[in-house]
There are 2 protein chains.
Amino acid sequence: MPESNKEYLVGVDLGGTKILAGVFDQKLNCLGSAKLSTKAGRGPDAVIERVARCVKDAIDECDLQMKQVIGVGVGAPGASDPVAGRVIFAPNLDWRDVPLKKELEKQLGVPVFIENDCNIQALGVHAKEFKGKPQHLVGIFIGTGIGAGLILDGKLYSGFNRTAGEIGHMVLEVGGPKCNCGNRGCFEALASRTAIFKRIQSAVKDGQKTILTEILEGHLKDMRSGDLRKAIRRGDKLVEKIVEEAAEYTGIAVANVINLLNPEVVVLGGGVMDALEDEMLAIIVETAHDNAMPGTDKGIEIVASKLGDEAGITGGAVLAKQNLG
Amino acid sequence: MPESNKEYLVGVDLGGTKILAGVFDQKLNCLGSAKLSTKAGRGPDAVIERVARCVKDAIDECDLQMKQVIGVGVGAPGASDPVAGRVIFAPNLDWRDVPLKKELEKQLGVPVFIENDCNIQALGVHAKEFKGKPQHLVGIFIGTGIGAGLILDGKLYSGFNRTAGEIGHMVLEVGGPKCNCGNRGCFEALASRTAIFKRIQSAVKDGQKTILTEILEGHLKDMRSGDLRKAIRRGDKLVEKIVEEAAEYTGIAVANVINLLNPEVVVLGGGVMDALEDEMLAIIVETAHDNAMPGTDKGIEIVASKLGDEAGITGGAVLAKQNLG
């Protein structure tokens with residue numbers, strides 16, 4: 001059983017559908033975790049109560065007590081103001097200007113720090129998988145949407161309005177497919193899970209065949225990234241082609257990042273990458289090197305994160321640790 | 001006449017066709033300058049001798065002497081290693097691994113510092129036009145090619161291989177027009193002077209009419225950015241349309257930068273912008289705001305630099321000043 005020292009950190013990944021909380025020691029080992037659904041429809045107060053409950057559940061899971069925790073770091077979707085401790089705008093949660101830090105501190109009685117979810121995932125990956133070594137690391141997270149976290153000159157870079165990393169809305173194809181943001185040809189509209197699903201649905205409408213209709217018993221809209229992997233492994237050429245195209249677009253986005261920011265490491269994560277690494281990574285790496293300016297990509301690593309769901313909660317622990325000095 | 005103190009800085013802009021040197025006081029006022037053609041074809045030794053001569057000419061122009069100069073900063077095209085003082089690869093000069101710093105120090109007898117030309121222009125614009133205030137500034141320079149310099153967290157950001165800022169090779173249109181780098185659809189292949197010229201030439205070949213054939217007496221390949229402005233002001237619809245399209249692509253590139261880096265200021269410079277600011281800037285600003293994620297562009301300035309040719313030499317002086325502490 002862990003000692004009774006007051007030395008534990010809690011990281012929280014607050015997503016549109018689920019809340020994940022993990023308890024970490026100072027060396028960033030995850031001692032245990034807990035999960036709750038978000039229930040965003042019940043409004044901010046209910047969600048914040050659920051976050052607090054999830055944190056307490058994770059601590060209890062580790063046979064620890066709240067008083068042994070020195071701080072909590074939370075990754076929230078959308079734009080956050082970490083200094084004011086407020087979530088400014090999170091469409092996934094339908095939140096506008098929610099004082100998350102203050103409310104959680106009231107309920108938990110320990111210091112709470114907040115950051116954008118992709119920033120926090122990049123922090124987690126940088127600290128845990130790279131021992132915080134690369135001075136410049138870009139983490140690109142591909143799921144329902146696409147976002148990035150930037151570690152530049154050894155620390156999190158968030159820019160003027162603290163919204164840096166919105167790589168999902170980098171235009172890769174002027175006049176390309178419509179994106180949720182209202183524009184066309186964004187990276188997210190070409191390579192996110194949503195984009196892949198849309199292309200499969202449209203191909204099926206046009207009469208093309210896919211094993212997915214069988215796997216999902218006709219309910220295509222229930223498709224998950226894992227179903228795509230299953231279909232490809234069972235020889236589904238349509239799904240294979242569409243996933244390969246998404247990997248090519250991702251490679252071009254990685255090349256754009258290398259050309260502009262010349263990071264030492266580009267690390268890819270998120271649900272789509274977790275499920276389809278074997279199918280996508282080699283294509284992404286090859287396309288990125290093909291599209292990077294000769295010489296700029298020398299020695300640059302392009303890899304997939306192995307942290308999966310743990311990236312966000314690990315990053316939350318790192319955020320708390322950094323803020324508590 | 002300036003005092004005889006040892007306090008002056010010299011900035012040099014070493015380009016593929018010309019060398020410009022400027023003498024600056026500590027407040028970055030330009031006291032005088034000199035210009036020489038580069039004569040890259042004569043090889044690195046001859047070019048370095050010409051740089052040294054241009055520096056001495058500029059100093060003499062200001063009635064100063066070399067011993068009153070504390071340092072020289074040089075912006076060179078292509079990839080440079082400022083620490084080793086070497087130009088690693090500069091296609092415009094046909095240079096590979098040239099020890100520019102050491103050779104110039106030998107000839108000038110004062111400390112010399114080198115940097116990439118776009119980085120140095122961004123430094124100059126940041127220091128002179130913005131008093132070094134914005135923490136995050138991206139300078140995009142549009143001429144024959146397109147490059148950028150990034151000031152992040154108050155200082156020049158150059159990345160792992162020191163090649164950050166290669167925005168000209170950011171893909172904006174997968175499968176778009178061929179770029180000199182070998183890829184397709186790069187920003188530079190869509191909006192540089194070279195790209196604009198190619199599109200006009202191709203339209204003329206297709207039988208479209210432009211006043212440029214008259215202005216240039218049939219020698220279309222002698223087109224300069226100023227000729228484009230003249231043609232537009234004389235009502236040339238073809239040139240107007242092609243320049244507007246280049247401005248739209250530039251606006252999309254600016255939006256990509258805002259989404260990814262969220263800088264406080266995006267400043268546009270280079271020969272094309274200097275000549276066509278009135279025709280392009282409003283379109284760039286509008287397109288950038290249209291394509292930036294809502295909220296990310298709040299309060300961000302998108303402006304044209306007024307420094308023109310002085311950006312590079314000013315940045316050279318800033319570089320020397322910063323390095324001499």
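Nothing here was measured: the structure is a model prediction, and the numbers come from that model.

## Re the interface of chain A and chain B
In this complex, chain A contributes 37 residues to the contact, which on the side of chain B involves 37 residues. No other element matches helix H8 (residues 237-261) of chain A, which puts six residues into the side of chain A that touches chain B. When the residues that make up the side of chain A that touches chain B are grouped by side-chain class, the tally is 19 nonpolar, 13 polar and five charged.

## Focus: the domain arrangement of chain A
Residue and element names in this part refer to chain A. Under the domain assignment, chain A is made up of domain 1 (8-126 + 310-323) and domain 2 (132-304). The C-alpha-based centres of domain 1 and domain 2 are spaced at 26 Å. Across the contact, eleven residues belong to domain 1 and 16 residues belong to domain 2. The leading source of residues in the side of domain 1 that touches domain 2 is helix H3 (residues 117-128), at seven residues. Its residues assigned to classes, the side of domain 1 that touches domain 2 comprises six nonpolar, four polar and one charged.

## Describing the sheet that holds strand E5 (residues 79-81) of chain B
Residue and element names in this part refer to chain B. As summarised here, the arrangement of the three strands in space is E5-E6-E7, forming an open sheet in which the pairing is antiparallel. Every other strand in the sheet has two partners, leaving E5 and strand E7 (95-98) as the edge strands with one partner each. Pairs of neighbouring strands in the sheet enclose a mean axial angle of 15°, with direction left out of account. Both strand E6 (residues 86-90) and E7 contribute to a ladder of three bridges, which runs antiparallel. Residue pairing for E7: Ala 90 is matched across the bridge by Trp 95.

## Considering the sheet that holds strand E8 (residues 112-116) of chain B
All names here are of chain B. On the basis of which strands lie adjacent, the open sheet formed by five strands has the order E3-E2-E1-E4-E8 and mixed pairing. This sheet does not close on itself; its edge strands, each paired only once, are strand E3 (30-37) and E8. Each adjacent strand pair in this sheet contributes to an overall mean axis angle of 20°, direction not counted. Inspection of the sheet shows strand E1 (residues 8-14) paired to strand E2 (residues 18-24) by six bridges, in the antiparallel sense. Across the sheet, residue Asp 13 finds its bridge partner in E2, namely Leu 20. Contacting strand E4 (69-76) and E8, helix H2 (residues 100-108) crosses the sheet at an angle of about 145° to E8.

## A short note on the environment of Ala253(A)
Residues and elements named next belong to chain A. For Ala 253, the location among the structural elements is in helix H8. A count of 31 C-beta atoms within 10 Å places Ala 253 in the buried class. The residues touching Ala 253, leaving out its near neighbours within four places in the chain, are Ile 167, Met 170, Leu 172 and Phe 187.

## Focus on the pairing of strand E13 (residues 301-304) of chain B
Residues and elements named next belong to chain B. When strand E12 (residues 265-269) meets E13, the two strands line up parallel, connected through four bridges. Its bridge partner being in E13, Val 267 is matched across the sheet by Val 303. Of the crossover connections in this fold, the one passing from E12 over helix H9 (residues 271-291) to the parallel E13 is right-handed.

## Some points on unusual backbone geometry
Residues and elements named next belong to chain A. Residue Asp 97 is not a glycine yet carries a positive backbone phi of 50°. Relative to the elements of secondary structure, Asp 97 occurs in strand E7 (residues 95-98). Phi at Asp 153 is positive, roughly 50°, even though this residue is not glycine. Considering the arrangement of structural elements, one finds Asp 153 in the loop between strand E10 (146-152) and strand E11 (155-157).

## Examining the relation of the copies chain A and chain B
The two copies are related by a screw motion: chain A maps onto chain B through a turn of 180° and a shift of 0.0 Å along the axis, at an RMSD of 0.1 Å. Between the two chains, the operation in question is that of a two-fold axis.

## Observations regarding the environment of Ile211(A)
Residue and element names in this part refer to chain A. With respect to the element layout, Ile 211 can be found in the loop between helix H5 (193-205) and helix H6 (212-215). For Ile 211, a count of 18 C-beta atoms within 10 Å gives the class partly exposed. Those residues in contact with Ile 211, other than ones at most four positions away along the chain, are Ala 231, Arg 234 and Asp 236.

How each quantity is defined
What you see as residue numbers is a count from 1 along each chain, following the sequence as written. Chain letters start at A and ligand numbers start at 1, both assigned in the order the entries are written. Residues qualify for local features only when their pLDDT is at least 70, as the model is predicted, and side-chain atom pairs are given and counted only at 80 or more; totals for whole chains, interfaces and linings, by contrast, use all residues. Here, residues touch in the contact sense if the C-beta positions derived from the backbone fall within 7 Å of one another. Numbering of helices and strands runs from the N terminus, with a helix taken as a DSSP run of H or I at least four residues long and a strand as a DSSP run of E at least two residues long. Three residue categories are used. Nonpolar comprises Ala, Val, Leu, Ile, Met, Phe, Trp, Tyr, Cys and Pro, charged comprises Asp, Glu, Lys and Arg, and polar comprises the others, including Gly. In this document the domain limits rely on a domain assignment from an automatic tool or a database. Any two strands with at least two DSSP-identified bridges between them are counted as paired. Think of each axis as a best-fit line through the C-alpha atoms, taken over the contacting stretch in the case of a helix, with angles from 0 to 180 degrees between the N-to-C directions. Exposure is read from a count of other C-beta atoms within 10 Å of each residue's own; the residue is exposed at 12 or fewer, buried at 20 or more and partly exposed in between. C-beta atoms are placed from the backbone. Whether a crossover is right-handed depends on one test, that the path from the first strand over the helix to the second runs clockwise when the strands point away from the viewer. To line up the copies, we fit them by least squares on C-alpha atoms, keeping just the residues with pLDDT of at least 70 in both.

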